[in-house]
Amino acid sequence: MSNQSVRTRFAPSPTGYLHVGGVRTALFAWLIAKQGDGQFILRLEDTDKKREVAGADAHIAESLRWVGIGWEEGFDKPGKHGSYRQSERLDRYQEWAKKLVEQGRAYADPYSAQEVQKFREEAQATKKPFLYRNHRPENPPEWDGTQPLRFKSDPKNYNWHDEVMGDLSTGPEVIDDFILVKSDGYPTYNFSHIVDDVDMEITHIIRGQEFIASTPIYLNLYEALGVTPPIMGTVPHILGPTGNKKLSKRDGAKDILDYREQGYLPAAMMNFLATLGWNDGTEQEVFTTEELISKFDMKRIQKNGSRFDETRLSWLQGAHVRKASIDELYKLVQSFWPESAEEFPDDYKRRVLALLQDRLKHFAELPALSSFFFEDLEPNLDLISSHKQLKKLPETELKSLLSEAVAMLKDNDFSENSLVAGLNELLEKTNQKPAVLFSLIRICVTWSPSSPGLAETLNLLGKDRSLKQLEHALTIPLARAHSS
RNA sequence: GGCCCCUUCGUCUAAUGGUUAGGACACCAGGUUUUCAUCCUGGCAAUAGGAGUUCGAUUCUCCUAGGGGUCACCA
């Protein structure tokens, strides 16, 4: 019966999308499983029917899959432990509940919700902490399933070890009789996750710090069940961009799949999430998935919450883009090209991408960076009038420089080398600074605020299109008329 | 309020008794024959406060302050 391999799980409730916080918790658990050559389980905690959102389960699965997190067993991938959807495991919780009742460790709660609430308010009025067990009925009715079933706790001190937080301890005052099974027959999270983790032979529980306060009651329940608790790792929250509150959907935390829409690389996202609150002790910042698996260590997770910083994500994205091979990158950006790129052959687009690799971050920027390679943009005279050097030149000067450029380029074979040579000669011939001459040509060919190197750009655009753009520029007024 | 946890540059963090407190992001300046980037160089910038232990505290102890979590028939 003993299973030595590491088994971790991520157990979201299907109430909506996943944001970076949830995915990070899943990632940590996944890394531990992969590192131990073990299994990662995706379980669905769907015991609150009221909060359930249709389709959330598939959306969650899709989110994890995108980041690169896969699971050996899950709600959509049955394994040796039956269903991984709690709503389909009700019999199992009933069995365990009955066992606890037989052992005298669980009893029916005879009070109505209103009555319990009254106890709570009384305690509050006398400034005492509310404990249900102070009202524990002497002769509880037999549990018929219509009342909530409560755990009969055994209050005591607890000292336990948390892989992230270190040694923790609490007194008996935090141990109370909590509800195991709700009056609708569904188990509470507090009960179901323990039964499931035992059944599914989970060895490490990784979860957010909101569960740290209830860990003692879980320990109490494990004891009643005669079960050794799994290893626990409590991960601090990710903080929102402002304030010190935990990142939440309410404050605009995005669906993780929004980052896919914006064209972030899964590897960059994984790198970002893993290093938010964790580092390997060296100065390494950029990690591959394989490196994360081999280097991850729960003991090095930060005890305090860390702030979500999209700027860092963007930087990591750039780092991963630059590391990627063009083939890899080309596959990933396929849905992000501007519409005008559609007609162009793969080879051409691949070359555009190669020129853009150093300046591309998330792929949604691709159209803005590349459109002039696929279509002739409208002349934008602001580019000249706002240019430090060009704005000082009169119309005649601009036109004559352009004419010289056209003349030179007409004689050029447009190989990159010839272009570099030709442009250099032109600098000498016109006695101009690159800041003037190259800017003017670049702007009149692309009409784009930025572009790759001039020779590379002309080379890729080709002789016909480059000359056509320059000759067109010769026919329009370039210098803005000064009013004074 | 009770209980628990946390506190190093703006941000992510390194350093567990001896360092000019290190790195990265961001920002600023300079360089790489134009722009935007990349890359390189330099700069700015932190141990929450107070006691104590010690020859010596970011590091150990205590107190204070601040922040967070939790106290559901939600997970």
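**Student:** Help me understand the packing of aromatic side chains in this model?
**Tutor:** The relation between two aromatic rings is expressed through the spacing of the ring centres and the mutual angle of the planes. As enumerated under the stated definition, the model contains 16 aromatic pairs in all. An angle of 70 degrees between the planes, with centres 5.6 Å apart, marks the rings of Tyr259 and Tyr264 as edge-to-face. Like Tyr259, the residue Tyr264 is buried in the burial classification. Arranged with centres 5.8 Å apart and planes meeting at 80 degrees, the rings of Tyr348 and Phe374 form a pair that is edge-to-face. Here Phe374 lies in the loop between helix 13 (366–370) and helix 14 (382–385) and Tyr348 lies in helix 12 (residues 346–356), a separation of 26 residues in the sequence. Classification of Tyr348 by relative accessible area gives buried; the value is 10%. With relative accessibility at 6%, the residue Phe374 sits in the buried group. Every member of this aromatic cluster is reached through a ring pair, and the members are Tyr330, Trp337, Phe344, Tyr348 and Phe374. Lying across the ring of Trp96, Lys99 places its NZ or CZ 4.7 Å from the centre.

**Student:** Teacher, can you tell me more about the side chain of Glu73 here?
**Tutor:** Inspection of the secondary structure assignment puts Glu73 in strand 3 (residues 73–74). Classification of Glu73 by relative accessible area gives buried; the value is 5%. There is a polar contact of 2.5 Å between the side chain of Glu73 and the side chain of Tyr84. Those residues in contact with Glu73 that lie beyond four places of it in its chain are Arg7, Gln39, Phe40, Ile41, Leu42, Gly79, Lys80, His81 and Tyr84.

**Student:** Is there a simple way to think about the environment of Val235 in this case?
**Tutor:** Here Val235 shows up in strand 10 (residues 231–235). Residue class for Val235 comes out buried when judged on its relative accessible area of 1%. Residues Val235 and Glu138 lie 97 residues apart in sequence; the distance between their C-alpha atoms is 40 Å. In this structure Val235 touches Arg24, Phe28, Ile206, Arg207, Gly208 and Gln209, once residues within four positions along its chain are discounted.

**Student:** Explain the pattern of salt bridges to me, please; I cannot follow it from the model alone.
**Tutor:** Counted according to the given criterion, the structure contains 31 salt bridges. Its salt-bridge partner being Asp76, residue Arg65 comes within 3.5 Å of it at the nearest N-O pair. Linking Arg65 in helix 2 (residues 56–67) with Asp76 in the loop between strand 3 and helix 3 (90–102), this pair joins segments that are eleven residues apart in sequence. A salt bridge links Arg89 to Asp196, with the nearest nitrogen and oxygen atoms 2.8 Å apart. Of the two residues, Arg89 sits in the loop between strand 3 and helix 3 while Asp196 sits in helix 5 (residues 189–199), which places them 107 residues apart along the sequence.

**Student:** Before we go on, may I ask you to explain the protein's contact with RNA strand B in this structure?
**Tutor:** Close to RNA strand B lie 60 residues, the nearest being Lys182, Asn279, Arg359, Asn424 and Ser439. One of the side-chain N or O atoms of Arg442 is found 3.5 Å from a base oxygen in RNA strand B. Within the backbone of Ser451, an N or O atom sits 2.6 Å from a base nitrogen of RNA strand B. Elements represented by at least two residues in the surface near RNA strand B include exactly helix 4 (113–125), strand 7 (166–170), helix 5, strand 12 (306–307), helix 10 (310–323), helix 16 (416–430) and helix 17 (434–446). Looking at the surface near RNA strand B residue by residue, the class counts come to 18 nonpolar, 22 polar and 20 charged.

**Student:** Explain unusual backbone geometry here, please?
**Tutor:** One can expect most non-glycine residues to show negative phi and most peptide bonds to be in trans. For Asp37, which is not glycine, the phi dihedral falls at a positive 55 degrees. Here Asp37 is to be found in the loop between helix 1 (20–35) and strand 2 (39–42). On the basis of relative accessible area, Asp37 is assigned to the exposed category, the value being 67%. The backbone of Phe414 shows a phi angle near 65 degrees, a positive value even though the residue is not glycine. Position of Phe414 relative to the elements: it lies in the loop between helix 15 (395–410) and helix 16.

About the cut-offs
Residues numbered from 1 in each chain as written. Chains lettered and ligands numbered in written order. Predicted model: local features only at pLDDT ≥ 70, side-chain atom pairs only at ≥ 80, totals over all residues. Heavy atoms only, no water. Phe/Tyr/Trp six-rings, centres within 6.5 Å; stacked < 30°, edge-to-face > 60°. Buried < 20%, exposed > 50% of the residue type's maximum accessible area, 1.4 Å probe, protein only. Helix = DSSP H or I, 4+ residues; strand = E, 2+ residues; numbered from the N terminus. Lys NZ or Arg CZ within 6 Å of the ring centre and 35° of its normal. Polar contact = N/O pair within 3.5 Å; in protein donor to acceptor, adjacent residues only side chain to side chain. Contact = heavy atoms within 4.5 Å. Salt bridge = Lys/Arg side-chain N within 4 Å of Asp/Glu carboxyl O. Near = heavy atom within 4 Å. Nonpolar A, V, L, I, M, F, W, Y, C, P; charged D, E, K, R; others polar.

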